[in-house]
Amino acid sequence: MAASQVQEGGLAASQVGANISALLEAYLTDEPLESLFHGCVKQVLVSERSPRPELLPTLQFLFSAAAQETMPAHVEQYVKFVAIQNNHQRVVRLLELLATLVASGIIKARLVCETILRCVDPSKEATWQEALKVVRRIVGGVDYKGCRDLIRCILDHFERQPRAIPEHKLPALLKGKDLLAYILDRNAALLPAYFAHDEIKRHFPPDKNRSVHWILQEEIDKLESSMRTTADLVSGIVHPYLRPVLGVSNISLSAWKLDPVKHCCALKGLLPYRDSLLKPQEDLLLHVMAQPNCRDAVHSVLGMNRQQLQPSAMVEDALVRLGMVAMEITEGASEEDERVFEVWSHFASQLVFSYFLQLVSITAVLNKLQGKLSHCSHRKGRGWLMWALLHFVTSTVQQKQQGSVQTQGSVQKELVPILNLFALLYADKEPLPVPDTSRPLCVQESSMASVWAVYASKAEADGVELPRPTPHVLSEQLKWIYQQEDNPPRASAIPGDYSVPLLLNIYSNNPEISSQLLNILLQALVGSPPDSTPLPLPLPALNTLAMHAKIRLMEKVKLHLVKVAESAKQPQGMETPPISHALLETYSRLLVWLGTRNFQTQLIPVVFKSQAWGLLHVLLEVICYRVHLQLQFSYRFQLLQQLHTVAGVSIIPNQLFITAESAALRLIQALNSPEFLNQLAKQFSVDPKPLLSTESEELNRVFVLVLAKTLHISNMDTVAWLEPFMKVVLTSAPHFWPDSTLAFFPPALRQLCSTPSLTDSKGILLKKVEDEVKKFRGKTSEGEVVQMFAEAESAAVCLCVMWRLLMDGSSVHLAFIKVAQRSQPKKLAAYMRKMVDYIIFTLPPDPTSQLNITILRLRDLVWKYKLFPVERLVLYMVLHGYEGRDAQNCLLLLQCLLVSSQELRQQTSSLVKEVPADYWSQPEWNQKHAAYLSQFPESFQPEVPGIGSPSKPPAMPMYFGNLSLRFLPVLDLVLQRLLEVPDMAAQSLETLLELYGPLYKFHDHPIALLFSTLHYYEWTLAEHPGWKKKLVATIAGANQAVHPLTWYFTAEFCEYLSSPKGESWKPQRSYYLTLVDRLVKGLQPLNSSVPTCDWRFSEFSGPLLCSLHCCLLELLALPLPGRVVAQELVEALYSKADSCQEEHLLLSWVNALGLVFSSLPESFRSALTEEILQILGNPQLIASSLPSLPGSSRPGCLLSLMHAYWHHTNVGTLASLPHWLQTVVRPMLKHEEGLLYVCHLVGPLLQRLHTEKPRVLIDIVKQVYLLLQSVDKQLEGHMQHSDIICDFLYHIKYMHIGDLAREDIDKVVSTLHMPLHVRLRFLVPTSTDLPSNPAPSQQPHRPLPAQPSSEPMQT
């Protein structure tokens, strides 16, 4: 039937499906001879011929008239008709006809290809081969998502094929392989290779038992091999070898987050990543868990939901490894080695907290530990292991339900694995000897017996039986324990007898026995009339206590202090509380180890409510001089609010006010840490005002100074909450900053603080004082003067009037002393501020002639009339904002005051000489400190010499503090203020360090202070290397009795510090190699070769933080520009790469240097960017390293170092990358190798930026496209590595940005030369490329989610 006949007959399009077979039969007839001899004819390929002319127009009309929704059914019917044909010529003609319909655009190529692959039976080899020929011809018309579906069809087809292929079927299957090869051909560019690889990986997931057919293996392997460079490019091969230092490495730890299911590195997409990235990161978790205060870090790294916790086998394995390391260390250590207690106490705390946080199954941990120990001979640490288990047993046994059926099962479930360990470790034939209770190790030696006694007591109380009889090995020790239970030692025997701690570990859950034992300890601490000087519990005794026993003891002391507070409810509430120094010292140590939550939420509120000011003063001293440095940041903010509340009370005595503000000052100065910004952001979301003092301008200034330092050191100039927070600060506590101070502020903070916010001016104050002086001279009696200053306006300048009269030659009028005595502490502090301003404002331009008399008068007010403490006067002078001549006069006056103050110098030198700094190891520290206080008694109430103060309240007891220690944090501010004014520092910095430097023996964080000071004032100190040397030698060397300089620094650097003044030193390459090697060893948490100490009383929580800060400080203190030092460090890495044969050791160096550069100032980091630019300017050097980047070559080493540096640094550092790429890299980048190197640089950053800084991610991607455009223009499209770059760009689109930069990408892609344009045209597909149901990446794009989908390419 011809087309005209169809039209004349009126055949509707809807009838095509019913008549298509008949239509084809009518127009296609077999060749006569072929039909006759069908079974005997051998099929051969024939030359192409056109179908009969009358058939093509008819089919074109029919398919054109068919509705689109019925088109698949029509095409399927057509193909099925072809598939059942046995005549080879007919098959060829029909398929040619179908290809012609596709070419004319009537039928979609994708529909035909999919239908052929689905409907043609591969067992008919000839038909299958011809069908694949047609698919191969028309597949170029299939959109890229249709090509993905064709890949899936081909894979499904081959998956159904047997592995053993008959020879006659092989050609047909090879045609399928050729089709797949053509679709995957990058030059054909039918779809992105990244897209194709993703589809293949999804088809054969590793967790399913599905494998690629061997016929296709070669093509798929070729594709996967081509994607490996892209996988390395976006992951960075150093990632699994990087190790964080908690407290320094990016605080959020988002860059270290692992896959929550597989615990491997969290990677996006299905690229062929290296095995080191895909395996569980057990070493990383062990490294984190081996550091103190790691609970939050473990949750962050494992990506765990705190609300839905479940045991993790990986955490269990890490605990077992910690235990095995502890056994190894104990095996080779002596009894006196501090490291043994350190590792076992850490293991015990990790075991207990992991159990309570539901991270581990204790049975699994013990069974795994038994399996490890059964294959080694370590037995020396068995007592320590059982002591660690005793922590767990005593901490958990109280939570078991009493008298329930569940109890017996829980006891057996926990005890049986312990008994199995016991049987393995205690193979003794004779009973263990009774421990010698005069030795601390008696507790560890009897730990297994203690564990048994705990479970036996529990079983007896619950009426159940233990799973096994009492072991014969424990019989003697258990007999002794039961005897001691009835006859505990007396309190007088405590210092040298460890039986009470041993028994308390066992019976801490027994109310009756534990109460008796706790009373014995309390009596030993409180003392009795015969024992006037009780001693604190020695550290060995406290160390032997299990965690639950420590908690019970701390609770007992707290209850005793509450009773003291309640008994102190007197009219004044200031009587000396009956508290011994031994009790407070012991309590402070327990607070350091166990935390201060109950101390802050229960004890301090009760004492404050009772107005027991004497006891409150003692507790503030505990905060100020014992525990503030060990507090968690959330507790520090809470405590700071409490201190502000105490200082704001009007009725408190002056001594308590001074101690509260001194404690707040120390607390604020110790906030200088990256964690400070995180906690401040959280607090700002609630209410920032409680962190600010409503009374003390100085504390608010110090708070802003610490904020400025932290922003500078963390390289986080801009944070979202900074501007609104500073508005709150300047509104609630207005103050003014001099330009010399603002010059060091980060730019954003400097801009916010530049506007003066003073309400009083110099002229107003001077006029007010003159008016009040005239009024004063009109008064004739003391009473009239007192009444005059009773008015608020006059009282505000009363001390200014007194100063004016003093400078006129008068003596101190008694009325001023009475006014000061009657004033509330916070008002007296306000009067002092006014007086300091007045003194500075009235100094002449050349104050030399007036300086001596001014200092003499100030010394009289401080030491003779006790009007205010010297440290408060110095604090007010150093922190008030003066400009120009006033600022110079203030610093000059301050310098002369400190130099000439014989009283202060005498007190500080006597303290340094007589009182040790390591109070925790000195049983008689209190006696020495009390002797010092009796030699230099303090008065906190103004008085007249010879008359005193009639209303002077009794002095509160001082247990830990004194004037010199209160002066120490003020001295920090003085030295830092001098560095802001180099002219004044040149005159007095070294003099003050000579006079008061030894006082830094008592500084609680000298290394951190030096690091922050040298970092913050780096550009000033760079011009004065002698100042750096003097600062470090004086402050770090002040406490050499505890830690000599060689404990902190390398031997060469210590020689430099001790060299004569002015002697230069330029370290050789060997120095940097030694320094970095020392750091690498110090960054291994369980390295027994690193110097150790009792970290509970150190400024650092562990050896890693200490090692890193000491190395950073040493680098900052070198007498060389930062850029030169950084270049030497990079060269040292190159030297190490040339000589190092072990990859893990080289990567340990990379990790260490990454940490170093992430914590150093910009002048050091600039050397890295300069080195990158040198590499980018040498394409031959990069080309010689390809494709093995990163590696041991110079470009490879630098690449690894940059990845480590960016991985460790705070995300604020990364915000400047787009600008650097735009302004520095793009103008000089002219070659393909440099572009590929830049892609290697930024690739591993993408995932972190996606989570933390999506805006920066998009800006970097835009710059990468512009770099590609620039290089493509230079090379005119002739690029060798275009496939790698294209895969990288597709990965960015599908895994990170979607269509967020669509317009910018389209502008670039449209200008590229043909090879790149063809490959990248799918990044911004046109309407013809889009399928009927677009993928998410083609839909309107929402803002970047926190966790983007890993399947953005599915339709």
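Per chain, the residues get numbers from 1 upward, laid out in the order the sequence is written. For a predicted model such as this one, the threshold for reporting local features is a pLDDT of at least 70, and the threshold for listing and counting side-chain atom pairs is 80 or more; totals across whole chains, interfaces and linings nevertheless cover every residue. Just so you know, side-chain values use all the structure's heavy atoms and leave hydrogens and water out.

1. Side note on the overall build of the protein
Part 1 of the argument: Starting at the N terminus, helices and strands are each numbered in turn, a helix being any DSSP run of H or I of at least four residues and a strand any DSSP run of E of at least two. Per the secondary structure count, the protein includes 70 helices and 0 strands.
Part 2 of the argument: With a 1.4 Å probe rolled over the protein chains alone, any residue whose accessible area is under 20% of its type maximum counts as buried; one over 50% counts as exposed, and the rest are partly exposed. Evaluated residue by residue, the protein yields a buried proportion of 59% over its 1355 residues.
Part 3 of the argument: For every accessible area listed, the method is Shrake-Rupley and the probe measures 1.4 Å; residues are considered covered only by the protein chains on display. By element, 52% of the accessible surface of the protein is carried by carbon and sulfur atoms, the whole surface being about 54000 Å².

2. Comments concerning the pattern of salt bridges
Part 1 of the argument: Salt-bridge detection follows one rule: a side-chain nitrogen of Lys or Arg within 4 Å of a carboxyl oxygen of Asp or Glu. Evaluated as defined, the whole model comprises 60 salt bridges.
Part 2 of the argument: The partner of Lys727 in a salt bridge is Glu723, with the nearest N and O atoms 3.7 Å apart. Of this pair, Lys727 and Glu723 both sit in helix H35 (residues 722-732), separated by 4 residues, roughly a single helical turn.
Part 3 of the argument: Judged by relative accessible area, Lys727 falls into the exposed class, the value being 51%.

3. Here's the deal with the side chain of His1043
Part 1 of the argument: Along the chain, His1043 falls in the loop between helix H53 (1025-1036) and helix H54 (1045-1048).
Part 2 of the argument: Looking at His1043, the relative accessible area reads 15%, which means it is buried.
Part 3 of the argument: For this analysis, residues touch if any pair of their heavy atoms sits within 4.5 Å. Residues within four places of His1043 in sequence aside, it is in contact with Tyr1048 and Cys1093.

4. A few points about the nonpolar core
Part 1 of the argument: What we call a nonpolar core is a set of buried Ala, Val, Leu, Ile, Met, Phe, Trp, Tyr and Cys residues that are connected through their side-chain atoms within 4.5 Å. Core analysis: the largest hydrophobic core is formed by 499 residues, its most contacted members being Ile107 and Trp344.
Part 2 of the argument: Not counting chain neighbours up to four residues away, the residues in contact with Ile107 comprise Phe63, Met71, Val75, Leu98, Leu101, Val102 and Val112.

5. Things to note about the packing of helix H43 (residues 825-842) against helix H44 (residues 848-864)
Part 1 of the argument: Helix axes use the C-alpha atoms of the stretch in contact, all axes being lines fitted to C-alpha atoms, and the angles between their N-to-C directions lie in the range 0 to 180 degrees. The contact between H43 and H44 brings their axes to 12 Å, and the two run at 165°. Considering the angle they form, H43 stands roughly antiparallel to H44. The way H43 lies across H44 gives a crossing that is right-handed. Where H43 approaches H44, its residues Met835, Ile839 and Thr842 are matched on the opposing element by Gln850, Thr854, Leu858 and Leu861.
Part 2 of the argument: Ten residues, namely Ala, Val, Leu, Ile, Met, Phe, Trp, Tyr, Cys and Pro, are considered nonpolar, four, namely Asp, Glu, Lys and Arg, are considered charged, and the remaining ones, Gly among them, are considered polar. For the contact of H43 with H44, the residue count by class is 4 nonpolar, 3 polar and no charged. An angle below 35 degrees is read as roughly parallel, one above 145 as roughly antiparallel, one from 65 to 115 as roughly perpendicular, and any other as oblique. By definition, turning the near helix anticlockwise from the far helix through less than a right angle yields a left-handed crossing, and turning it clockwise yields a right-handed one.

6. Details of the packing of aromatic side chains
Any two aromatic rings considered together are summarised by their centre-to-centre distance and by the angle between their planes.
Part 1 of the argument: Two aromatic rings, drawn from Phe, Tyr or Trp (for Trp, its six-membered ring), form a pair once their centres lie within 6.5 Å of each other, and the interplanar angle then sorts them: stacked below 30 degrees, edge-to-face above 60, tilted otherwise. By the definition in use, this model includes 43 aromatic pairs.
Part 2 of the argument: Centre to centre, the rings of Phe341 and Trp387 are 6.1 Å apart; their planes meet at 50°, and the pair counts as tilted. In this pair, Phe341 is assigned in helix H17 (residues 338-356) and Trp387 in helix H19 (residues 382-396), connecting sequence segments 46 residues apart. In this structure, Phe341 and Trp387 share a single accessibility class: buried.
Part 3 of the argument: Pairwise contacts between aromatic rings join Trp1047, Tyr1048, Phe1049, Phe1053, Tyr1056, Trp1065, Tyr1071, Tyr1072 and Trp1095 into one cluster.
Part 4 of the argument: One cation-aromatic arrangement involves Arg295 over Phe353; the distance from NZ or CZ to the ring centre is 4.1 Å. Only when the NZ atom of a Lys or the CZ atom of an Arg is both within 6 Å of the ring centre and within 35 degrees of the ring normal do we say a charge sits over the ring.

7. Some thoughts on the confidence of the model for the protein
Part 1 of the argument: Counting all residues, the mean pLDDT for the protein is 86, and 90% of those residues have values of 70 or more.
Part 2 of the argument: Confidence scores here are pLDDT values: one per residue, from the predictor, ranging 0 to 100. Counted against residues more than four places away or in other chains, residues 1-13, with its pLDDT under 50, gives 17 contacts.
Part 3 of the argument: Here residues 45-51 is modelled with pLDDT under 50, and outside its nearest four sequence neighbours on either side it reaches 8 contacts, counting other chains as well.

8. Here's the deal with empty space enclosed by the protein
In this approach a probe as big as a water molecule rolls over the atoms, and the regions it shows empty are the leftover space.
Part 1 of the argument: Each cavity reported here is a set of points on a 1 Å grid over the protein atoms alone in which a 1.4 Å probe fits but cannot get out, each pocket an open set with protein on both sides within 12 Å along at least five of seven lines, and each lining residue one with an atom within 4 Å of a point. Grid points are joined across faces, edges and corners, and a volume is the space filled by probe spheres set on the points. Summed over all chains, the structure comprises 14 cavities of 30 Å³ or more.
Part 2 of the argument: By volume, the largest cavity is sized at about 130 Å³.
Part 3 of the argument: Around the largest cavity, the lining comprises 16 residues; the ones closest to its centre are Arg186, Leu191, Pro192, Ala193 and Arg1319.
Part 4 of the argument: Looking at the lining of the largest cavity, the elements with two or more residues in it are helix H10 (170-184), helix H11 (193-203), helix H68 (1282-1297) and helix H70 (1314-1320).
Part 5 of the argument: A per-element tally of the lining of the largest cavity places H68 first, with 4 residues.

9. Structural notes on unusual backbone geometry
Part 1 of the argument: Positioned with a positive phi, Gln358 is a non-glycine residue whose angle comes to about 60°.
Part 2 of the argument: Counting through the fold element by element, Gln358 comes out in the loop between H17 and helix H18 (362-373).
Part 3 of the argument: Note on Gln358: relative accessible area 47%, which makes it partly exposed.
Part 4 of the argument: A positive phi angle, near 55°, is found at Glu1276, a position not held by glycine.
Part 5 of the argument: Along the chain, Glu1276 falls in the loop between helix H67 (1254-1275) and H68.
Part 6 of the argument: Owing to a relative accessible area of 53%, Glu1276 belongs among the exposed residues under this scheme.

10. What about helix H46 (residues 884-900)?
Part 1 of the argument: A helix is expected to span 1.5 Å for every residue after the first. Taking 1.5 Å of rise per residue, the 17 residues of H46 would be expected to cover 24 Å, and the 25 Å separating its terminal C-alpha atoms lies within 8% of that figure.
Part 2 of the argument: Of the residues making up H46, those classed as buried are Asp886, Ala887, Asn889, Cys890, Leu891, Leu893, Leu894, Gln895, Cys896, Leu897 and Leu898.

11. A closer look at the environment of Ile154
Part 1 of the argument: With respect to the helices and strands, the residue Ile154 is situated in helix H9 (residues 144-159).
Part 2 of the argument: Sequence separation between Ile154 and Leu216 is 62 residues; the distance between their C-alpha atoms is 9.7 Å.
Part 3 of the argument: For Ile154, the contacting residues outside a window of four places in its chain are Leu117, Gly176, Leu179, Leu180 and Ile183.

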